[in-house]
Amino acid sequence: MNNLRIITPGWFTIIQDRGRKGAQRAGLTEGGAADEHAYLWANKLLDNPMNAACLEVLMGNFEAVLSADALLSVTGADLEFSINGQPAENWSTHPVQAGDRIEFRRPLNGLRAYLGVAGGWLTPELFSSRSVVTREGLGGLDGGPLREHDELPFGPQQATFRRQLAPRYIPDYSSPLTLRLVPCYQHDLFSPQDRRRFSSEEYRISQRIDRMGYRLEGPVITPEVGGIISEGIALGAVQVPRDGQPIVLLRDRQTIGGYPKIGCVSSLGCSQLAQRGPGAPIQFEFVTLESVQAERLLFNRFFAASQWHSSGEELVWP
Amino acid sequence: MSDSTMRVEAVSEDTAMIRFGDTISEALIPQIVALEKRIEQRLGPLVIDLVPSYTTLLVHYDLNRADFRHVLRELRHLVADLEAHPEDAPAGRQVEIPVWYDPTVGYDLEALAERHELSVDEVIGIHSGKSYQVFAIGFNPGFGFLGRVDDRIATPRHKSPREAIDPGSVGIADAQTAIYPRLSPGGWQIIGRSPQLMFDPEQDPAHASLLQVGDTVTFRPIDRDTFISLGGQL
C-alpha cells in the first residue's frame, strides 16, 4: 500500500472528514474538519468526493515522506508548506514523487492547514467516518493525534494536474471577523441590554481554545438562570457559563449540555473562527435564520455546480 | 401529547429543536422516543442526526433537501399523527445491569451510607430496588443519565471531580445514576462497579451504546466472584 510516513507529527495533526453523522444519540461527538470551508476546497482541488479524509495540521512542525507518487492538495492556514525544502503554493495541488519530503513549518496566517491526497487518506472508518475525536479516543489509527512513524495509506495515483484556487475565494484569516448568528435557544433569558452589549461590543479570543470550543473574553453577559435542563447542542451554539464569557462550540463539542445559549453561529462562520488564535478580535451580529440558510445554500450550490476551467487554474460558474 | 405543549424552534441553519415540556418528567420520555422513531421512518433522508434529551429532541436536517419551514410542516404532521395513533408508540427495552456494590470499587459507598444514616446494605437495597428510565445519553459515548434515584440516597456531586473514574463505575449525582463507559474524569458519588460493556465501537451506531433514551434499567447486585467471572476489571 502507498503511504505517507510521519517523521515529525507536529503539535496536533489529525485525520478529519466531514464528521460522524447519525451517532450523536449514542453520545458520540460529531467531529469533522474544524475549518470545513478549507477542508472542502482541499478535496475540490483534487476532484475528490466531498467526504474524503484530509490531514488537519495545527500550526505546523510537521514533516513526512511519501512512499509512492501522489497528487496532493494544500489549503487553509499558511503554515509555510514546502516540498523537499522548496516553498510550495497554498490552495493548490502538487504532484509529488516517491521519496519526496513535505513539511509544514510554522503558522504565518491561520492555524489549521489541510493536506489532501487524490482519493483521500484511507485510514479505518468508524461509524462511517474517518474523523478522530481525541477526547473519545476514537477514529483514525489509534484515536489520537498522529505520532512519529505512523503510516497513512492512500490509493494509487490516477491523474496528475496542477490547479490553483483564484485569490478571490481565499479568505484572509488575519482580517477582523464578524460572526453571524441566529438568536435561538435561551436568547430570551438574556436582558435586552446584555444582548445589545453582546452584539455591539468587541470580544477577543482567549487562550482557552480547542476543537471543542472557543472561549472568548469581553463584556460579561449574564442570563437569568445559571443552568438549564441538558439539551442537544448544534454546531456554533454560543454557550454562556456562570462567568458570563461566551464559548462558541465547534466540531468536537459534547452532544448535550446544560448551560444557557444566546444563539448559534453560522457553519461558515465557525470555519473562519477555527483559523483564528488568541487575541484575535471577534464581533457578533444577530441575523435571521433565512439569511444564514441562504448564505450556506449559495455556498453549497456553488460548490456542487462549479467546475474547473480547462486551464485548471480557475473555477467557472456553469 | 398536544400541540399546545410541544414547540418546534429553529436553532441554527440546519437544526431544529422540539420542546416537549419545561420540567423533567418520566412521562415525556416515551413521547420523545415515539416521535424520534417516526421522524426516522418518515423523514429518513432529510435527517442527519437526532439527539433526544430529557425534555427535548434536537433534529439536524439536510439543508440541501429541506428548509426549516418544510421541516416544521413535516414535524407538525408527525405530531398530529402520533396523537391520532398513540398506541403505535414503541416501548423502550428492559436492560439489567449487574453491579458489584463494594467499597473496594465503590469509593464513596461507605461515606454515602453514613451521610444518609443508612447501612451499606440499605443503600444497595434502595439503589437496586427500583427501575430507572434513561433520560439522555451524553458526556461520553454510551453514558446514560438514569433517573430518578430514591430521595433517601440522592447525593450531590463531589465539589471537585476525580481525575480518573474507572470504566464500569456506577455513580450517583443528585437524583440521577449512571455507569461510566470508559476511564474519564468525573464528580459522581461512586457506589460500585459493573462488568457490563456499555459502549462497543465495533457495533453499528444504532447498537454501539447499550443504553438508549427510553430504555428501562434495573441493577442486579452481584458478588466479587461473579463480577470477575463476567469480565469485571479491578
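Whatever comes next refers back to the structure up there.
Cut-off values and rules
Throughout this description, residue numbers start from 1 for each chain and increase along the sequence as written. Chain A is the first chain written and ligand 1 is the first ligand written, with later ones labelled in order. The predicted nature of this model means local features are confined to residues of pLDDT at least 70 and side-chain atom pairs, given and counted, to a pLDDT of 80 or more, with totals for whole chains, interfaces and linings taken over all residues. Values shown for side chains rest on all heavy atoms present in the structure; no hydrogens or waters enter the calculation. Secondary structure elements follow DSSP: runs of H or I of four or more residues count as helices, runs of E of two or more count as strands, with numbering from the N terminus. Exposure categories follow from relative accessible area, calculated using a 1.4 Å probe and restricted to protein chains: below 20% of the type maximum is buried, above 50% is exposed, and the middle band is partly exposed. The contact criterion used is simple: two residues touch if any of their non-hydrogen atoms lie within 4.5 Å. By definition, a salt bridge exists where a carboxyl oxygen of Asp or Glu is found within 4 Å of a side-chain nitrogen of Lys or Arg. Any N or O atom pair separated by 3.5 Å or less is treated as a polar contact, with the protein-specific requirement of one donor-capable and one acceptor-capable atom, and with residues adjacent in sequence counted only for side-chain atom pairs. Note on definitions: angles span 0 to 180 degrees between N-to-C directions of axes, and those axes are lines fitted to C-alpha atoms, for helices only across the stretch in contact. These descriptions rest on fixed angle ranges, namely under 35 degrees for roughly parallel, over 145 for roughly antiparallel, 65 to 115 for roughly perpendicular, and the rest for oblique. Crossing chirality is assigned from the near helix's rotation relative to the far helix, an anticlockwise turn below a right angle marking it left-handed and a clockwise turn marking it right-handed. Following the grouping adopted for this structure description, the nonpolar residues are Ala, Val, Leu, Ile, Met, Phe, Trp, Tyr, Cys and Pro, the charged ones are Asp, Glu, Lys and Arg, and the polar ones are all others, Gly among them. At least two DSSP bridges between two strands are required for those strands to pair. By buried area we mean the combined loss of accessible area, with a 1.4 Å probe, across both parts when two parts are placed together.

Visitor: How would you summarise the overall build of chain B if you had to cite specific residues and measurements?
Guide: Per the secondary structure count, chain B includes 6 helices and 13 strands. Counting only C-alpha atoms, chain B reaches 55 × 35 × 35 Å along its principal axes. Considering chain B as a whole, with its 234 residues, one finds that 53% of them fall into the buried category. Contacts in chain B between residues far apart in sequence, at least 24 positions, make up 62% of those at least 6 positions apart.

Visitor: Now, about the pattern of salt bridges: what can you tell me, with residues and values included?
Guide: For the structure shown, the criterion picks out 37 salt bridges over all chains. A salt bridge links B:Glu40 to A:Arg25; the shortest N-O distance between them is 2.6 Å. Of this pair, B:Glu40 sits in helix 1 (residues 28–43) while A:Arg25 sits in the loop between strand 2 (13–16) and helix 1 (36–44), placing the two residues on different chains. Overall, B:Glu40 belongs to the partly exposed group, its relative accessible area being 34%. The structure contains a network of salt bridges with shared partners spanning A:Arg18, A:Lys21, A:Glu30, A:Glu36, A:Arg251, A:Arg253 and A:Arg296.

Visitor: Run through the side chain of A:Gln186, naming residues and quoting values.
Guide: Examined against the element boundaries, A:Gln186 turns out to sit in the loop between strand 12 (177–183) and helix 2 (192–200). For A:Gln186, a relative accessible area of 8% translates into the label buried. Separated by 2.9 Å, the side chains of A:Gln186 and A:Glu231 make a polar contact. Residues contacting A:Gln186, with those up to four places away along its chain left out, are A:Ile228, A:Glu231, A:Tyr259, A:Pro260, A:Lys261 and B:Arg19.

Visitor: Before we move on, can you summarise the packing of helix 1 of chain A against helix 4 (residues 289–305) of chain A with the specific residues and values?
Guide: For any two helices packed against each other, the geometry comes down to the angle between their axes and how far apart the axes lie. All names here are of chain A. Running from N to C, helix 1 and helix 4 cross one another at 10 degrees; their axes reach a closest spacing of 12 Å. With respect to their mutual orientation, helix 1 and helix 4 come out roughly parallel. The crossing of helix 1 and helix 4 is right-handed. Between helix 1, through Glu36, His37, Leu40, Trp41 and Lys44, and helix 4, the contact on the second element is made entirely by Arg296, Phe299, Phe302 and Phe303. The class makeup of the residues in the contact of helix 1 with helix 4 is 5 nonpolar, 1 polar and 3 charged.

Visitor: Describe the pairing of strand 3 (residues 54–58) of chain A, naming the residues involved and giving the relevant values.
Guide: Residue and element names in this part refer to chain A. The buried fraction of strand 3 is high, at 5 of 5 residues. Of the two faces of strand 3, the one carrying Cys54, Glu56 and Leu58 and the one carrying Leu55 and Val57 are both buried. Strand direction decides the pairing type here: strand 3 and strand 10 (residues 109–117), joined by 4 bridges, are antiparallel. Bridge assignment links Leu55 to a residue of strand 10, and that residue is Leu115.

Visitor: Describe in detail the pairing of strand 1 (residues 2–9) of chain A, supporting the description with residues and values.
Guide: Residues and elements named next belong to chain A. Taken together, the 4 bridges between strand 1 and strand 11 (residues 151–154) define a ladder with antiparallel strand orientation. Paired with Asn2 across the strands is Phe154, a residue of strand 11. Summarising the sheet, strand 1 and strand 4 (residues 62–66) pair through 5 bridges and their orientation is antiparallel. Of the residues in strand 4, the one forming a bridge with Pro9 is Phe62.

Visitor: Mind laying out the interface of chain A and chain B, listing which residues take part and the relevant values?
Guide: With 38 residues of chain A in contact, the opposing surface of chain B contributes 45 residues. When chain A packs against chain B, the two sides together hide about 3,100 Å² of surface, and 59% of this comes from carbon and sulfur. Taken together, the links from chain A to chain B amount to 3 salt bridges. Elements represented by at least two residues in the side of chain A that touches chain B include exactly strand 15 (231–232) and helix 4 of chain A.

Visitor: Let's hear about unusual backbone geometry: which residues, and what values?
Guide: Residue and element names in this part refer to chain B. Look at the link from Gly147 to Arg148: it is a cis peptide, with omega at -10 degrees. Within the secondary structure, Arg148 is located in the loop between strand 7 (144–147) and strand 8 (162–165). For Glu117, which is not glycine, the phi torsion reads 55 degrees and is therefore positive. Relative to the elements of secondary structure, Glu117 occurs in the loop between helix 3 (109–115) and helix 4 (120–127). Of note in this structure, Phe139 is not a glycine but carries a positive phi near 70 degrees. Tracing the sequence through the fold places Phe139 in the loop between strand 6 (132–137) and strand 7. Take Phe139: its relative accessible area is 26%, and that puts it in the partly exposed class.

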